[in-house]
Number of protein chains: 2
Amino acid sequence: MTKKEVLVLEDILGTNRKIASDIRNKFREKGILAVNLLSSPGSGKTTLLEALAVRLASRFKIGVIEGDIETERDAERIRARGIPAWQITTGGACHLEARMVGRVLAKVPADLDFLFIENVGNLVCPANYDLGEELRFVLLSSPEGDDKPKKYPEAFLSSQVLVLTKADLLPYLPFDAGKARREALDINPKLKSFTVSALTGEGMDELEVFLASSLEALRTSHA
Amino acid sequence: MTKKEVLVLEDILGTNRKIASDIRNKFREKGILAVNLLSSPGSGKTTLLEALAVRLASRFKIGVIEGDIETERDAERIRARGIPAWQITTGGACHLEARMVGRVLAKVPADLDFLFIENVGNLVCPANYDLGEELRFVLLSSPEGDDKPKKYPEAFLSSQVLVLTKADLLPYLPFDAGKARREALDINPKLKSFTVSALTGEGMDELEVFLASSLEALRTSHA
């Protein structure tokens, strides 16, 4: 990168951090747990959200912000589950930014418990942009291969939670979940990890319990 | 984006186009067919290259440029097949640029037949950067889902060839290859498409024949 490019990038990231920090404070004041979901395209972010929506909806009020380059397809899938979803189409941009989230916040009910933000499918760029979330989930699906954490370290370094998805496909794949987890923990020893199949329900109880206790912890520490 | 950001981006893309055009002319003069492979992480780019290497190596001289954010893992996999591979690690950047390819060209033998360039695993950013290739392949693996072309249109619009990979997993997945192909062709009617499994060999003969005839066509038109 040229010097000019570095300066422009620093400007963008600095501004983004400030906006994200304001958004996080608002979420904390309202007691909303915001979760930013990062992964490659097709790792199962929307399918995980559909499954979580069904599980959480009886006890909690939830909403979803959908980030995509084009189409409202993911928001439509979430709405079909009776969950409100707000679509952001970036029109080419490879990641969500805090100001994009800021623009839809007026539509988000103040009495929400969970706000899930599904980022653009991209294991690289979204890792650099704080959206004001409390928790960042990085998803890695079994068909992608267990060698991915060290090839795409920033997403694993900047997340609090690793979700290994599509566990139902493990019998057909050379994916070593233990190796993937160890590699991710080498990058970020604080990562909490879950292995799930949104289709069979495997591991989803644990993820649900974790989310409920995270919400409680957020409300206790920012009461 | 701010006006300043747009100008910087236009600068970057304009410079990249010029360098790419010079590189393409060099490849054409030498009769090397350069292929740029684009896809999400874990769609099977390296596995496809390993399988092609074995098939092509008896008749052709081939080489591979490996683009990754971190690690030399993919280059090592290719070298293990007896094929020369040159690694570019971008150290964070989400795509290869023409100048990165330009820097390794001195190492590439002038008598190659095929030069494959495996881009960073990312279905978004690499689409904007011409690397001087003759052909761009976009890979979409069956586990990623058949709804991806319209969600990530630029990669499909800017490619000449669509390779649907991991066909061996189709029995276990709700992936409709016909739908994926139709959607990609809606975006780019000129796309030539192949459905392959690098593991079982399904569809690989057709891809091999296509590559051999593309090389012949390149040498005929730039003789």
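Anyway, here's the lowdown on the structure attached to this text. (Residues numbered from 1 in each chain as written. Chains lettered and ligands numbered in written order. Predicted model: local features only at pLDDT ≥ 70, side-chain atom pairs only at ≥ 80, totals over all residues. Heavy atoms only, no water.)

## Some words on the overall build of chain A
For step 1, the next point in the chain: Counting its secondary structure elements, chain A contains eight helices and seven strands.
For step 2, the next point in the chain: Against the 2.2 N^0.38 benchmark of 17 Å for 223 residues, chain A shows a C-alpha radius of gyration of 17 Å, consistent with a compact globule.
For step 3, the next point in the chain: Expressed along its principal axes, the backbone C-alpha trace of chain A runs to roughly 50 × 45 × 35 Å.
For step 4, the next point in the chain: Of all 223 residues assigned to chain A, the portion counted as buried reaches 59%.
For step 5, the next point in the chain: Considering only contacts in chain A between residues 6 or more positions apart, those separated by 24 or more positions represent 72%.
For step 6, the next point in the chain: In the form shown here, chain A has an accessible surface area of approximately 9100 Å², with 52% of it arising from carbon and sulfur atoms. (Helix = DSSP H or I, 4+ residues; strand = E, 2+ residues; numbered from the N terminus. Rg over C-alpha atoms; globule rule 2.2 N^0.38 Å. Buried < 20%, exposed > 50% of the residue type's maximum accessible area, 1.4 Å probe, protein only. Contact = heavy atoms within 4.5 Å. Areas by Shrake-Rupley, 256 points an atom, 1.4 Å probe, with all protein chains shown as cover.)

## Remarks on the relation of the copies chain B and chain A
For step 1, the next point in the chain: Superposing chain B onto chain A takes a rotation of 180° plus a shift of 0.0 Å along the axis, which leaves an RMSD of 0.0 Å. When the rotation and shift are considered jointly, the pair of chain copies conforms to a two-fold rotation axis.
For step 2, the next point in the chain: Interface overlap between copies is the fraction of interface residues in one copy that are interface residues in the other; for chain B against chain A it reaches 100%, indicating a shared surface. (Least-squares fit on C-alpha atoms with pLDDT ≥ 70 in both.)

## Section: the interface of chain B and chain A
For step 1, the next point in the chain: Listed as interface residues are 38 residues of chain B and, on the opposing side, 38 residues of chain A.
For step 2, the next point in the chain: Where chain B abuts chain A, roughly 3000 Å² becomes buried across the two surfaces, and 60% of that area is made up of carbon and sulfur atoms.
For step 3, the next point in the chain: The largest share of the area that chain B buries against chain A comes from B:P41, B:R73 and B:K151, three residues that together contribute 20% of it.
For step 4, the next point in the chain: As a salt-bridge pair, B:D74 and A:K151 come within 2.7 Å of each other at their nearest N and O atoms.
For step 5, the next point in the chain: With five residues, the top contributor of residues to the side of chain B that touches chain A is helix α1 (residues 3-30) of chain B.
For step 6, the next point in the chain: Residue composition of the side of chain B that touches chain A, by class: 16 nonpolar, six polar and 16 charged. (Buried area = accessible area lost by both parts, 1.4 Å probe. Salt bridge = Lys/Arg side-chain N within 4 Å of Asp/Glu carboxyl O. Nonpolar A, V, L, I, M, F, W, Y, C, P; charged D, E, K, R; others polar.)

## Focus: the pairing of strand β7 (residues 192-195) of chain B
All names here are of chain B.
For step 1, the next point in the chain: Pairing of strand β6 (residues 161-165) with β7 involves four bridges; the strand directions are parallel. Paired with L162 across the bridge in β7 is S193.
For step 2, the next point in the chain: Regarding the hand of the β-α-β motif, the stretch spanning β6, helix α7 (residues 177-187) and β7 is right-handed. (Pairing = 2+ DSSP bridges. Right-handed = clockwise from strand over helix to strand, strands pointing away.)

## Overview of the nonpolar core
For step 1, the next point in the chain: Residues A:F156, A:L162, B:F156 and B:L162 are the most contacted members of the largest nonpolar core, which totals 46 residues.
For step 2, the next point in the chain: Within the residue set of this core, elements represented by two or more residues are β5 (135-141), α6 (153-157), β6 (161-165) and α7 (177-187) of chain A together with β5 (135-141), α6 (153-157), β6 and α7 of chain B.
For step 3, the next point in the chain: Contacts of A:F156, omitting those with residues within four sequence positions, involve A:L123, A:V138, A:K148, A:P149, A:L162, A:A184, A:I187, A:N188 and A:L191. (Core = buried A, V, L, I, M, F, W, Y, C linked by side-chain atoms within 4.5 Å.)

## Points about helix α2 (residues 45-56) of chain A
All names here are of chain A.
For step 1, the next point in the chain: With twelve residues, α2 extends 16 Å between its outermost C-alpha atoms, agreeing within 8% with the 16 Å of an ideal straight helix rising 1.5 Å per residue.
For step 2, the next point in the chain: The element α2 is largely enclosed, with a buried count of nine among its twelve residues.
For step 3, the next point in the chain: By the burial criterion, the buried members of α2 are K45, T46, L48, L49, E50, A51, L52, A53 and L56. (Expected span 1.5 Å × (residues − 1).)

## Remarks on the sheet that holds strand β2 (residues 62-68) of chain B
Residue and element names in this part refer to chain B.
For step 1, the next point in the chain: On the basis of which strands lie adjacent, the open sheet formed by seven strands has the order β3-β2-β4-β1-β5-β6-β7 and parallel pairing. Single-partner strands in this sheet number two, and they are β3 (85-89) and β7. Across this sheet, the average inter-strand angle for adjacent strands is 20°, counted without regard to direction.
For step 2, the next point in the chain: Note that β5 and β6 share five bridges and pair parallel. When the bridges of β6 are listed, L139 appears paired with V163.
For step 3, the next point in the chain: Here α7 sits on the sheet in contact with β5, β6 and β7, set at roughly 160° to β6. (Axes fitted to C-alpha atoms, helices over the stretch in contact; angles between N-to-C directions.)

## With respect to the environment of B:I65
All names here are of chain B.
For step 1, the next point in the chain: Along the chain, the position of I65 falls in strand β2.
For step 2, the next point in the chain: By relative accessible area, I65 is classed as buried at 0%.
For step 3, the next point in the chain: The residues touching I65, leaving out its near neighbours within four places in the chain, are W86, I88, V101, V104, L115, F116, I117 and E118.

## Remarks on the packing of aromatic side chains
All names here are of chain B.
For step 1, the next point in the chain: Under the counting rule described, the total for this entry stands at nine aromatic pairs over all chains.
For step 2, the next point in the chain: Aromatic pair F60 and F114: ring centres 5.2 Å apart, planes at 80°, arrangement edge-to-face. Here the residue F60 occupies a position in the loop between α2 (45-56) and β2, and F114 occupies one in strand β4 (residues 114-118), the gap between them amounting to 54 residues. Each member of the pair F60 and F114 is classed as buried. (Phe/Tyr/Trp six-rings, centres within 6.5 Å; stacked < 30°, edge-to-face > 60°.)

## Structural notes on unusual backbone geometry
Residue and element names in this part refer to chain A.
For step 1, the next point in the chain: Look at K166: it is not a glycine, yet its phi comes out positive at around 60°.
For step 2, the next point in the chain: Tracing the backbone shows K166 in the loop between β6 and α7.
For step 3, the next point in the chain: Given a relative accessible area of 16%, K166 falls into the buried group.

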